[in-house]
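An overview of the molecular structure
Residues per chain, in single letters:
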Amino acid sequence: MLNPFLKEWDTPFNTPPFDEIKTEHYVPATIEALELARKEINNITENPDLPTFENTIATLENAGQILSRITSVLFNINSAETNKSIQDIAQEISPLLARFSNDITLNPKLFERISKIFENKDNTDLTSEQKILVERKYRNFMLGGAGLEEHERARFREISEELARLSLKFEENVLNETNSWVLHLTDEADLAGLPEGIVEAAASEAVKRNKEGWIFTLHFPSYIPFMQYSERRNLREKMLKAYSSRAFRGNNFDNSDNIRKIIALRLEVARMLGFRNYADMTLGDRMADSPEKVQKFLEDLYKASDHAAHRDFKNLKTFAAEHGNNDEIQRWDWSFYSEKLKKELYDIDDEILKPYFPLEKVEEAIFHLANRLYGLTFIKNDTIPVYHPEVRTFECYGRDNIFLAIFYTDYHPREGKNGGAWMTSYRDQKKENGKNVRPFISIVANFTGATRTRPSLLTFNELTTFLHEFGHSLHGILTNCTYESLSGTSVARDFVELPSQFMENFAYEKEWLDTWAKHYLTGEKIPDEIIKKLKESSTFNEGYSCFRQLGFGFLDMAWHTLTDLPDQDISAFELKAMSKTELFPAIPGLNMSAQFTHIFGGGYAAGYYGYKWAEVLDADAFELFKEQGIFNPVIAESFRKNILEKGGSEKPQELFRKFRGRDPEIEAFLKRSGLI
Ligand SMILES: [Zn+2]
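Everything numeric here is computed off the predicted structure, so don't read it as measured data.

Notes on the coordination of the zinc ion
Bound to the zinc ion on the protein side are H468 (NE2), H472 (NE2) and E497 (OE), at distances that span 2.1 Å. Written as a sequence motif, the donor arrangement for the zinc ion is H-x3-H-x24-E. One end of the pair is H468 and the other is H472, both in helix α17 (residues 460–478) and four residues apart, which spans about a single turn. H468 gets classed as buried once you look at its relative accessible area, which sits at 9%. Judged by relative accessible area, H472 falls into the buried class, the value being 8%.

Dropping the structure here:
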């Protein structure tokens with residue numbers, strides 16, 4: 001049978017034929033697709049005509065299409081439904097891809113053509129999107145080593161291939177460490193404080209593993225409620241230590257060496273390319289376009305939240321002491337007492353809220369919200385192939401029934417799934433030969449599953465996570481660009497969280513909750529009282545959480561502004577970088593860096609600050625909705641036209657300005673977080 005990657009996809013909407021794809025297809029298909037892509041590149045460089053946007057940039061943009069369909073399937077599967085053979089294939093293929101990408105950026109003939117177009121970009125009649133594409137390609141080539149001397153090129157290649165391998169290894173280690181540890185309880189007394197649903201889920205987990213009693217894991221739906229509710233302090237300590245020492249236990253999955261290597265290689269690359277450090281190199285096309293700007297942003301927020309963070313910490317300490325904790329308050333006490341204090345102050349907690357958020361209703365409500373704002377309709381389609389029976393698929397249409405996208409959902413934890421939640425795509429939007437090629441968008445999450453007796457009920461945090469990933473999805477679904485590498489979420493790292501965080505705001509709005517949130521058993525509408533408390537409690541511990549996020553931001557910047565390798569070990573380095581936002585006593589053996597997949601695995605290196613940065617943007621954007629009505633069609637249309645449709649086809653500053661009528665201001669964010 002023909003390799004499914006190498007033939008036309010005759011599936012509905014030409015979606016990936018997951019039911020035909022077997023592990024043995026990836027490598028041979030990749031090798032053939034690489035060959036094909038090389039020929040396409042060769043056609044560009046051997047073209048006797050003078051370089052033009054069309055014969056060089058646009059042609060390059062469209063090269064390697066088969067390759068990208070393979071890699072998007074492979075890397076998405078490696079995150080959402082992996083196993084040893086998929087991991088091995090990813091390890092085998094990623095250096096091939098790195099080599100290919102180097103062959104492109106280090107191709108002198110190709111670079112010469114691109115440079116010519118770049119130099120003349122203002123003298124030709126390029127559209128503004130085309131100009132941005134030229135700038136982006138030129139920058140990618142420069143960062144890809146195109147300007148290097150011949151003798152440096154071999155080393156450059158070696159480094160990028162090694163970095164690709166190390167990042168994969170880093171993530172693999174974290175996943176292995178998340179899966180390999182469980183807390184197995186057999187004494188009912190050890191379940192003290194845990195809500196019924198959590199206990200039931202732990203019992204099912206035990207049954208699944210042929211064990212007696214209850215099994216708690218380091219996956220979020222198990223770990224988080226355990227930390228919030230378990231009255232067994234020693235067990236909370238055990239859980240937290242297991243969680244926070246992942247990939248830092250000195251075993252085969254320890255990431256310490258990987259961090260050292262990644263940091264050293266990133267620095268070496270940055271130096272070769274003439275930058276002071278890695279952050280300097282990466283930040284060039286961001287809204288905050290230098291390490292100094294990022295540092296100043298983090299420092300300003302640090303000052304703004306300093307008082308509130310210490311206040312939150314002190315309140316919790318006092319509260320814990322009043323409730324029998326005579327010991328120094330520790331990390332493993334934070335969620336437990338927070339949940340209790342929140343309950344006391346606002347009479348609200350996850351267990352009160354969850355019955356109003358059954359996953360099925362949440363999904364329906366979110367689709368409906370997209371309908372109200374942007375006229376979208378989601379129609380379930382069971383004939384689209386999926387990679388796991390839990391995955392569901394929808395056709396998404398806009399007003400006037402215009403087809404916009406295919407939307408995949410994959411909600412619950414599995415052994416082969418990375419932690420957290422994310423939006424991704426199997427095909428990106430572009431216009432080709434007069435045709436608007438629409439995207440295939442997916443969200444993957446680790447939401448609390450159903451148990452024997454109850455459906456999947458989301459925590460409030462899971463509700464906001466859903467809205468968040470759905471916001472990214474809207475960015476992908478509504479995009480309307482010409483070039484694939486500028487469409488959808490292909491925007492500056494510190495702009496990409498605007499559409500996602502923007503959507504989270506709705507979770508606090510009575511006007512929205514009122515339209516759908518009902519108790520899953522009684523059908524009773526969510527009481528106004530609960531919504532009121534939800535809103536009041538939204539600034540609860542915001543000072544402390546801001547500090548935590550800032551701590552990660554400082555850590556990320558500390559690693560990536562290094563100009564020499566640190567002589568301290570990883571723990572000492574981390575401790576120093578995070579010291580000013582750290583309110584708890586340090587615990588030896590715990591380490592954030594070793595599991596910081598955002599910056600050592602995914603693409604957030606020197607970019608973690610972007611979450612906070614985008615919070616300033618999203619609070620400011622949502623403020624306008626609050627002034628004009630959260631479903632205001634005119635404002636929604638403007639958000640769609642100026643932000644969601646545009647992808648990276650214009651500079652983010654300009655897009656924001658077009659929507660807001662001015663530059664972003666920080667006040668709305670400070671107010672929303674209760675920092676002023
Ligand atoms: Zn996000």
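Topic: the packing of helix α3 (residues 65–80) against helix α4 (residues 84–105)
Following both chains from N to C, one finds α3 and α4 inclined at 140 degrees, their axes separated by 10 Å at the closest point. On the basis of their axis angle, the class for α3 and α4 is oblique. Our pair here, α3 against α4, has a crossing hand that is left-handed. Along its contact with α3, which presents L67, T71, L74, F75, I77 and N78, the element α4 presents I86, Q87, I89, A90, I93, S94, L97 and F100. Split into classes, the residues belonging to the contact of α3 with α4 amount to ten nonpolar, four polar and no charged.

Observations regarding the sheet that holds strand β6 (residues 422–427)
The five strands are arranged β3-β4-β5-β9-β6 in an open sheet whose pairing can be described as mixed. Either end of the sheet is taken by a strand with one partner, and the two such strands are β3 (377–380) and β6. Strand-to-strand twist across the sheet, computed as the mean angle between neighbouring axes with direction ignored, equals 30 degrees. Pairing analysis gives six bridges linking strand β4 (residues 392–397) to strand β5 (residues 403–410), with the strands arranged antiparallel. Bridging across to β5, F394 finds its partner in F407. Along the sheet, α3 makes contact with β5, β6 and β9 (440–444), crossing β6 at roughly 150 degrees.

Quick notes on the packing of aromatic side chains
Applying the stated criterion across every chain yields a total of 58 aromatic pairs. Each member of the aromatic cluster is reached from another via a ring pair, and the members are F502, F506, F622, F625, F631, F639 and F659. Directly above the aromatic system of W9 lies the positively charged group of R69, at a separation of 3.9 Å from the ring centroid. The ring of Y243 has R246 sitting right over it, with the charged end atom 3.8 Å from the ring centre.

Observations concerning the nonpolar core
One recurring pattern in soluble globular proteins is that nonpolar side chains are buried together. In this structure, F357 and W512 are the most contacted members of the largest nonpolar core, which totals 143 residues. Broken down by element, this core gets its largest block of residues, eleven residues, from helix α13 (residues 291–322). With residues up to four places along the chain from it excluded, the contact list for F357 reads V362, S456, L457, L458, F460, L463, L513, W516, A517 and I526. In terms of nonpolar packing, the next biggest core, distinct from the first, is built from 51 residues, I21, I57, I104 and L486 among them.

Points about the environment of Y356
Topologically, Y356 is positioned in the loop between α15 (350–353) and α16 (359–374). Along the chain, Y356 and L521 lie 165 residues apart, while their C-alpha atoms are 9.1 Å from each other. When near neighbours in sequence (up to four residues on either side) are disregarded, Y356 contacts W516, A517, K518, H519, E524, K525, I526, P527 and I530.

The rules behind the values
Residues numbered from 1 in each chain as written. Predicted model: local features only at pLDDT ≥ 70, side-chain atom pairs only at ≥ 80, totals over all residues. Heavy atoms only, no water. Donors = N, O, S within 2.8 Å, 3.2 Å for Na, K, Ca; no water. Helix = DSSP H or I, 4+ residues; strand = E, 2+ residues; numbered from the N terminus. Buried < 20%, exposed > 50% of the residue type's maximum accessible area, 1.4 Å probe, protein only. Axes fitted to C-alpha atoms, helices over the stretch in contact; angles between N-to-C directions. Parallel < 35°, antiparallel > 145°, perpendicular 65-115°, else oblique. Left-handed = near helix turned anticlockwise from the far one by under 90°. Contact = heavy atoms within 4.5 Å. Nonpolar A, V, L, I, M, F, W, Y, C, P; charged D, E, K, R; others polar. Pairing = 2+ DSSP bridges. Phe/Tyr/Trp six-rings, centres within 6.5 Å; stacked < 30°, edge-to-face > 60°. Lys NZ or Arg CZ within 6 Å of the ring centre and 35° of its normal. Core = buried A, V, L, I, M, F, W, Y, C linked by side-chain atoms within 4.5 Å.

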